[in-house]
Amino acid sequence: AYASGLVGGYDANAPSRAGGQGGSPGEFDAPIVDAPIAVERMLGGPGRGKGQFNGPRVVAISSTTGDTFVVDKDASIQRFSPSGEVVAEWSMPTAKRGKPVGATVAPDGSLIVADTHEHRLIAFSPTGETLWTLGEYGMADGQFIYPTDIAFCSDGRMFVAEYGSNDRIQVFDSNRRFLYKFGSF
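Residues numbered from 1 in each chain as written. Predicted model: local features only at pLDDT ≥ 70, side-chain atom pairs only at ≥ 80, totals over all residues. Heavy atoms only, no water.

Engineer: Is there a simple way to think about the confidence of the model for the chain in this case?
Structural biologist: Should pLDDT be low for a region, the predicted coordinates there are not to be read in detail. Chain-level statistics for the chain give a pLDDT mean of 85 and a share of 83% at 70 or above. Counting contacts from residues 1–11, a segment whose pLDDT is below 50, to residues more than four positions away or on other chains yields 15 contacts. Predicted confidence for residues 15–20 stays below pLDDT 50, and this span has 14 contacts to residues more than four positions away or in other chains. (pLDDT = per-residue confidence, 0-100. Contact = heavy atoms within 4.5 Å.)

Engineer: How should I be thinking about the pattern of salt bridges in this particular structure?
Structural biologist: A pair can form between side chains of opposite charge whenever their charged atoms are brought close. Within this structure, the stated rule accounts for seven salt bridges. The shortest N-O distance in the salt bridge between D74 and R48 comes to 2.7 Å. Separated by 26 residues along the polypeptide, D74 in the loop between β6 (68–72) and β7 (76–80) and R48 in the loop between β3 (45–46) and β4 (52–53) bring together distant segments of the chain. By relative accessible area, which is 32% here, D74 ends up partly exposed. A salt bridge links D155 to R157; its shortest N-O distance comes to 2.9 Å. Overall, R157 belongs to the partly exposed group, its relative accessible area being 25%. (Salt bridge = Lys/Arg side-chain N within 4 Å of Asp/Glu carboxyl O. Helix = DSSP H or I, 4+ residues; strand = E, 2+ residues; numbered from the N terminus. Buried < 20%, exposed > 50% of the residue type's maximum accessible area, 1.4 Å probe, protein only.)

Engineer: Which parts of the structure should I look at to understand a nonpolar patch on the surface?
Structural biologist: The grouping of L179, Y180 and F182 at the surface amounts to a nonpolar patch, some 260 Å² of accessible area in total. With respect to the helices and strands, the residue Y180 is situated in strand β16 (residues 178–183). Looking at Y180, the relative accessible area reads 34%, which means it is partly exposed. (Patch = residues over 30% accessible without salt bridge, like charges linked within 9 Å, V, L, I, M, F, W, Y side chains within 5 Å. Areas by Shrake-Rupley, 256 points an atom, 1.4 Å probe, with all protein chains shown as cover.)

Engineer: It is not clear to me how the sheet that holds β16 should be interpreted in this structure. Could you clarify?
Structural biologist: Two orientations exist for strands paired in a sheet by backbone hydrogen bonds: parallel and antiparallel. Reading across from one edge, β13-β14-β15-β16 is the order of the four strands in this open sheet, with antiparallel pairing throughout. Of all strands in the sheet, those bounded by a partner on one side alone are β13 (147–152) and β16. Taken pair by pair, the neighbouring strands of this sheet meet at an average axis angle of 20 degrees, ignoring direction. As defined by bridge partners, strand β15 (residues 168–172) adjoins β16 across five bridges and the pair is classed as antiparallel. Its bridge partner lying in β16, V171 is registered against Y180. (Pairing = 2+ DSSP bridges. Axes fitted to C-alpha atoms, helices over the stretch in contact; angles between N-to-C directions.)

Engineer: Please clarify how the environment of P126 should be interpreted in this entry.
Structural biologist: On the secondary structure map, P126 appears in the loop between β11 (120–124) and β12 (130–134). The residues touching P126, leaving out its near neighbours within four places in the chain, are F69, R79, A88, W90 and G109.

Engineer: What is the right way to look at the sheet that holds β12 in this model?
Structural biologist: Pairing within the open sheet is antiparallel, and its four strands lie in the order β9-β10-β11-β12. Looking at strand neighbours, the two that pair on one side only are β9 (102–105) and β12, the edges of this open sheet. Strand after strand, the sheet turns through a mean of 20 degrees between neighbouring axes, direction not considered. Strand direction decides the pairing type here: strand β10 (residues 111–115) and β11, joined by five bridges, are antiparallel. From the neighbouring strand, A114 faces β11, where its bridge partner is L121.

Engineer: Explain the environment of A106 to me, please; I cannot follow it from the model alone.
Structural biologist: Its location among the elements puts A106 in the loop between β9 and β10. With a relative accessible area of 9%, A106 lands in the buried category. C-alpha of A106 to C-alpha of S63: the two residues are 43 residues apart in sequence and 9.6 Å apart in space. Filtering out sequence-adjacent residues up to four positions away, A106 remains in contact with I112 and F152.

Structure, rendered in C-alpha cells:
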C-alpha cells in the first residue's frame, strides 16, 4: 500500500524543478527538497590530479572491500579505499574515440569497464593491470556496438548492455563465452 497522495510510489502533487506542480508518474524531473541532503562522505573534487576528477562519469563499488572506483571524462580511473584515500590510479589504454560510460566490480574483485567507444570490455585488477579484453566492433555474438553497462548474476553470468545498432543484452558465462542474447538485433 502506498501513502496517501502517492501514485505508484511517486508523489504526483510534489513541486518539481521543471517548474510545475506535480506531474505524471515517470516524468524525469526531480522533486524540490526542503533541506539539503546530509553528506556522509565526499570523494575528490574538480581537477586532474590525484583524488580529483574532470567530470566523473562512472562509479563502481566493491561489495566485498568497500573500495570505490571512479572513471572521469579524461578516461582516468581512481580507486578509493573505504576511508576515501586514493590507493590506485591509472588510465584507459586509449580514449581517442570517446570515454567509458559504465563499469562494475566483478565477483573476483576485478573492475570491468565498458570501453564504450572502443566497442569492448576491459577487465582491470584492483591495481590497474589489464587482465583481459572482450569484444570488438560488430553485430555478431560477442561483438559490441557501444557497450554501456555490465552486471553479474550470483552464478557468474555476465550481462552486457549495448546501444547503437545492436540495442541488446548479451550474456556470457564466467569464462566469457557467449551464451545468449535478448533485445533488439
